[in-house]
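A closer look at the structure
Residues per chain are reported as follows:
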Amino acid sequence: MPDIVRLAFRSPVALLVVSAACWGTGTAVSKQAVAVVPPMSLLAVQLATSLVFLVLAGARFKPAAGDTAIRRLGLLNPGLSYALGLIGLVGISASAAVLLWALEPVGILMLAVVFLRERVSPRLVALSGLAIAGLVAVLYDSALSGQAAAVAVSAAGVACCALYTIAARAWIKASDSTSTVILGQQLHALAFAVAIVAVLALVGQPVLPTTLSPAVVASVLASGLLYYGFAYWLYLAALRTLPASLASTSFYLIPIFGLAAAAAFGERLLPVQWAGAAVVIVAMGGVAVSAIRATRSASPAVAS
């Protein structure tokens, strides 16, 4: 591996950017899949795909006493949070979903100040405000479509993710292995998803895809790898050395990657949206400088 690539993936900032790219692209891919696969069934297959990949990639499940609490967080995220997110995604557009998930960093910022007693600098608040302004421009032509109930369900999923980051930040350092944490969390989430699918099947609700094609299979598998295999590993690795309030600002990049992926599926973006994307990137550049300063004296090595 070239030195520049190795150094990039030892930087928590680089890890956050790549994880945001995985989540953003995964949203666009999941929208394609959830159109034909019931949400809970999709979640179960996505998680199973991720777990198979992680094991094949060398991750090993070696639970320790300090891992118990953070492993059980998998019931909250990706379990409940993404179950709600996928259910909501059925009734709203991808752009509306991106808009709702863009509110997550604001919630994390508030929770980090209240529960973790993290100090948020005025500069970080200003950069977050600039990023939000950019997001408004990016989503300029996006309107909330679908029922209010779908919006409320998606918003509940966002709240679960915000709570997850706060709890994960509080407990992640008690764990020796990022891979063990991810495997444990996704095993809990998979058990949750399978249980829900079983209940739905028993009461006569549809749990099988309406159609099955190579494109559907590819979208299901790809979304599982992006959403859960790659994104979580990178994000939790970065969270070991960065405050939750700082790490969460990388989520402002998710809509940018998500809309770019949507464009690959045929969605056309307006010039004002690309201008907004540029504003977000500039703001995130400032956040990256803050992150580098915050971790200058800490080891940036990624735990295995």
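From a predicted model like this one, the values you see are computed outputs, not experimental measurements. (Residues numbered from 1 in each chain as written. Predicted model: local features only at pLDDT ≥ 70, side-chain atom pairs only at ≥ 80, totals over all residues. Heavy atoms only, no water.)

**Describing the overall build of the chain**
When helices and strands are tallied, the chain shows 14 helices and 0 strands. Each helix and strand of the chain, placed in order from N terminus to C terminus, yields the pattern α-α-α-α-α-α-α-α-α-α-α-α-α-α. Burial analysis of the chain (304 residues in total) assigns 51% to the buried set. The long-range fraction of contacts in the chain, counting pairs at least 24 apart against all pairs at least 6 apart in sequence, stands at 93%. As displayed, the chain offers around 13500 Å² of accessible surface, 71% of which is attributable to carbon and sulfur atoms. (Helix = DSSP H or I, 4+ residues; strand = E, 2+ residues; numbered from the N terminus. Buried < 20%, exposed > 50% of the residue type's maximum accessible area, 1.4 Å probe, protein only. Contact = heavy atoms within 4.5 Å. Areas by Shrake-Rupley, 256 points an atom, 1.4 Å probe, with all protein chains shown as cover.)

**Re the nonpolar core**
By size, the foremost hydrophobic cluster in this structure holds 81 residues, and its most contacted members are W23, L43 and Y82. Among the elements that make up this core, the one with the highest residue count is helix 11 (residues 214–239) (14 residues). L43 has contacts with P78, G79, Y82, A83, L86, A193 and Y228, leaving out every residue within four places of it along the chain. (Core = buried A, V, L, I, M, F, W, Y, C linked by side-chain atoms within 4.5 Å.)

**A closer look at helix 5 (residues 76–91)**
Under the 1.5 Å per step criterion, the end-to-end length of helix 5 is 22 Å for 16 residues, consistent within 8% with the ideal 22 Å. If you look at helix 5, its biggest bend is around 30 degrees, right at Y82. Of all the positions in helix 5, only N77, P78, G79, S81, Y82, A83, L84, G85, L86, G88 and L89 are classed as buried. (Expected span 1.5 Å × (residues − 1). Bend = angle between axes of the 7 residues up to and from the residue.)

**A few points about the side chain of T165**
Relative to the helices and strands, T165 is located in helix 9 (residues 148–171). A polar side-chain atom of T165 sits 3.3 Å from a polar atom in the side chain of Y235. (Polar contact = N/O pair within 3.5 Å; in protein donor to acceptor, adjacent residues only side chain to side chain.)

**Some points on the packing of aromatic side chains**
Taken as a whole and judged by the stated rule, the model has 9 aromatic pairs. Consider the rings of F53 and F230, whose centres lie 4.9 Å apart with planes at 85 degrees: the pair is edge-to-face. With F53 in helix 3 (residues 39–56) and F230 in helix 11, this pair connects stretches of sequence that are 177 residues apart. Take F230: its relative accessible area is 32%, and that puts it in the partly exposed class. Ring centres of Y82 and Y232 lie 6.3 Å apart, and the angle between their planes is 70 degrees; this geometry places the pair in the edge-to-face category. Placement of Y82 in helix 5 and of Y232 in helix 11 is noted, with a sequence separation of 150 residues between them. The pair formed by Y82 and Y232 is uniform in burial state, with each residue classed as buried. (Phe/Tyr/Trp six-rings, centres within 6.5 Å; stacked < 30°, edge-to-face > 60°.)

**As for a nonpolar patch on the surface**
Together, V45, L212, V217 and L221 give the surface a local cluster of nonpolar side chains, amounting to about 340 Å² of exposed area. When you line up the elements, L212 lands in the loop between helix 10 (178–202) and helix 11. (Patch = residues over 30% accessible without salt bridge, like charges linked within 9 Å, V, L, I, M, F, W, Y side chains within 5 Å. Salt bridge = Lys/Arg side-chain N within 4 Å of Asp/Glu carboxyl O.)

**Observations regarding the packing of helix 2 (residues 12–34) against helix 11**
Remark: helix 2 packs on helix 11, axes separated minimally by 8 Å, with the N-to-C direction vectors making an angle of 155 degrees. Between helix 2 and helix 11, the interaxial angle falls into the category roughly antiparallel. When the axes of helix 2 and helix 11 are compared, the crossing they make is left-handed. Taken together, the residues of the contact of helix 2 with helix 11 sort by class into 19 nonpolar, 8 polar and no charged. (Axes fitted to C-alpha atoms, helices over the stretch in contact; angles between N-to-C directions. Parallel < 35°, antiparallel > 145°, perpendicular 65-115°, else oblique. Left-handed = near helix turned anticlockwise from the far one by under 90°. Nonpolar A, V, L, I, M, F, W, Y, C, P; charged D, E, K, R; others polar.)

**Regarding the side chain of S154**
Inspection of the secondary structure puts S154 in helix 9. The buried category is assigned to S154, whose relative accessible area is 2%. With sequence-adjacent residues up to four places away left out, S154 is seen in contact with L84, G85, G88, L89, I92 and L100.

**Here's the deal with unusual backbone geometry**
Here the residue pair N77 and P78 is connected by a cis peptide bond, since its omega of 20 degrees sits within 30 degrees of zero. Within the secondary structure layout, P78 lies in helix 5.

**Let's talk about the environment of V125**
On the secondary structure map, V125 appears in helix 8 (residues 122–138). Counting along the chain gives 124 residues from V125 to T249, while the straight-line C-alpha distance between them is 10.0 Å.

**Considerations on the environment of G285**
Position of G285 among the secondary structure elements: in helix 14 (residues 271–294). Given the relative accessible area of 34%, G285 is considered partly exposed.

**A look at the confidence of the model for the chain**
On average, residues of the chain carry a pLDDT of 79, and 83% of them reach 70 or more. Predicted confidence in the chain is weakest over helix 1 (residues 3–8), with a mean pLDDT of 42, and strongest over helix 3, with 93. In this model residues 298–304 is a low-confidence stretch, pLDDT under 50, and it forms 15 contacts with partners more than four residues away in sequence or in other chains. (pLDDT = per-residue confidence, 0-100.)

**What about the environment of A168?**
Within the fold, A168 resides in helix 9. Counting along the chain gives 97 residues from A168 to R71, while the straight-line C-alpha distance between them is 9.4 Å.

**Description of the packing of helix 5 against helix 9**
Close contact between helix 5 and helix 9 brings their axes to 7 Å; oriented N to C, the two are set at 160 degrees. Accordingly, the angle class assigned to the pair helix 5 and helix 9 is roughly antiparallel. For the pair helix 5 and helix 9, the crossing hand works out as left-handed. Seen from helix 5, the contacting residues are L76, N77, L80, S81, Y82, L84, G85, I87, G88, L89 and G91; seen from helix 9, they are A150, V153, S154, A156, G157, C160, C161, L163 and Y164. In terms of residue class, the contact of helix 5 with helix 9 is made up of 13 nonpolar, 7 polar and no charged.

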